Amino acid sequence: MTYDEKCKIDDMRKHGCGCTEIANALGLSLNSVKSYCRRTKPQTAKPVTIEIKEGGCEYCGAELVQIEGKKKKRFCSDKCRMSWWNHHRDKLQHRNPISIKCKCCRKVFISSDSSRKYCSLNCYNKTRCNT
């Protein structure tokens with residue numbers, strides 16, 4: 001595919017033409033046009049509207065930028081998200097919660113995986129190293 005063909009594909013995409021229409025107009029195979037379209041992100045002409053959430057990040061309180069049409073953000077970063085969930089494990093919603101007794105420390109913990117034997121990686125490592 002030449003540079004001129006790529007430019008023509010980009011122009012036709014901006015005007016709302018589909019892959020089949022572009023392939024027929026330029027005499028290219030449909031799969032070549034589809035492949036090119038998947039590899040390159042189209043330049044959208046419509047502006048993205050942005051709104052600021054008042055509450056901010058649920059963990060650190062930093063201001064969040066919300067993009068219209070996307071899922072609402074609750075956290076500013078993965079670090080904040082994981083820290084918040086580590087401090088609020090009681091809010092986790094397991095599919096089928098089961099109470100299991102840890103084979104190492106005998107502490108009862110809740111899991112949705114019935115094959116789990118240990119409450120944490122530390123307990124697993126202690127048992128593994130002692131045998």
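Residues numbered from 1 in each chain as written. Predicted model: local features only at pLDDT ≥ 70, side-chain atom pairs only at ≥ 80, totals over all residues. Heavy atoms only, no water.

Here we come to the packing of helix 2 (residues 19-26) against helix 3 (residues 30-39). Interaxial distance between helix 2 and helix 3 falls to 9 Å at its minimum, and their mutual angle equals 125°. Comparing their axes, helix 3 and helix 2 come out oblique. The crossing of helix 2 and helix 3 is right-handed. Residues Cys19, Thr20, Ile22 and Ala23 of helix 2 form the contact with helix 3, whose own contacting residues are Leu30, Val33, Lys34 and Cys37. Looking at the contact of helix 2 with helix 3 residue by residue, the class counts come to six nonpolar, one polar and one charged. (Axes fitted to C-alpha atoms, helices over the stretch in contact; angles between N-to-C directions. Helix = DSSP H or I, 4+ residues; strand = E, 2+ residues; numbered from the N terminus. Parallel < 35°, antiparallel > 145°, perpendicular 65-115°, else oblique. Left-handed = near helix turned anticlockwise from the far one by under 90°. Contact = heavy atoms within 4.5 Å. Nonpolar A, V, L, I, M, F, W, Y, C, P; charged D, E, K, R; others polar.)

Below, the discussion takes up the side chain of Ser111. By secondary structure assignment, the location of Ser111 is in strand 4 (residues 108-111). Residue class for Ser111 comes out buried when judged on its relative accessible area of 4%. Within the structure, Ser111 has its side chain in polar contact with the backbone nitrogen of Asp113 (distance 3.0 Å). Residues in contact with Ser111, not counting those within four places in the same chain, are Asn96, Pro97, Ile98, Ile100 and Arg116. (Buried < 20%, exposed > 50% of the residue type's maximum accessible area, 1.4 Å probe, protein only. Polar contact = N/O pair within 3.5 Å; in protein donor to acceptor, adjacent residues only side chain to side chain.)

Take the nonpolar core next. Of all hydrophobic cores here, the largest spans eight residues; its members are Ile9, Met12, Ile22, Ala23, Leu28, Val33, Tyr36 and Cys37. Of all the elements in the fold, those that place two or more residues in this core are helix 1 (3-14), helix 2 and helix 3. By residue number, the principal contributor to this core is helix 3, which donates three residues. Within the second largest apolar cluster, six residues are counted, among which are Phe109, Tyr118, Cys119 and Cys123. (Core = buried A, V, L, I, M, F, W, Y, C linked by side-chain atoms within 4.5 Å.)

A cluster of basic side chains, namely Lys6, Lys34, Arg38 and Arg39, defines a positive patch on the protein surface. With three residues, the top contributor of residues to the positive patch is helix 3. Structurally, the position occupied by Arg38 is in helix 3. (Patch = residues over 30% accessible without salt bridge, like charges linked within 9 Å, V, L, I, M, F, W, Y side chains within 5 Å. Areas by Shrake-Rupley, 256 points an atom, 1.4 Å probe, with all protein chains shown as cover. Salt bridge = Lys/Arg side-chain N within 4 Å of Asp/Glu carboxyl O. Lys, Arg positive; Asp, Glu negative; His and termini not counted. Charge placed at Lys NZ, Arg CZ, Asp CG, Glu CD.)

So, to be careful, I would describe these as geometric facts and stop short of saying anything about function.
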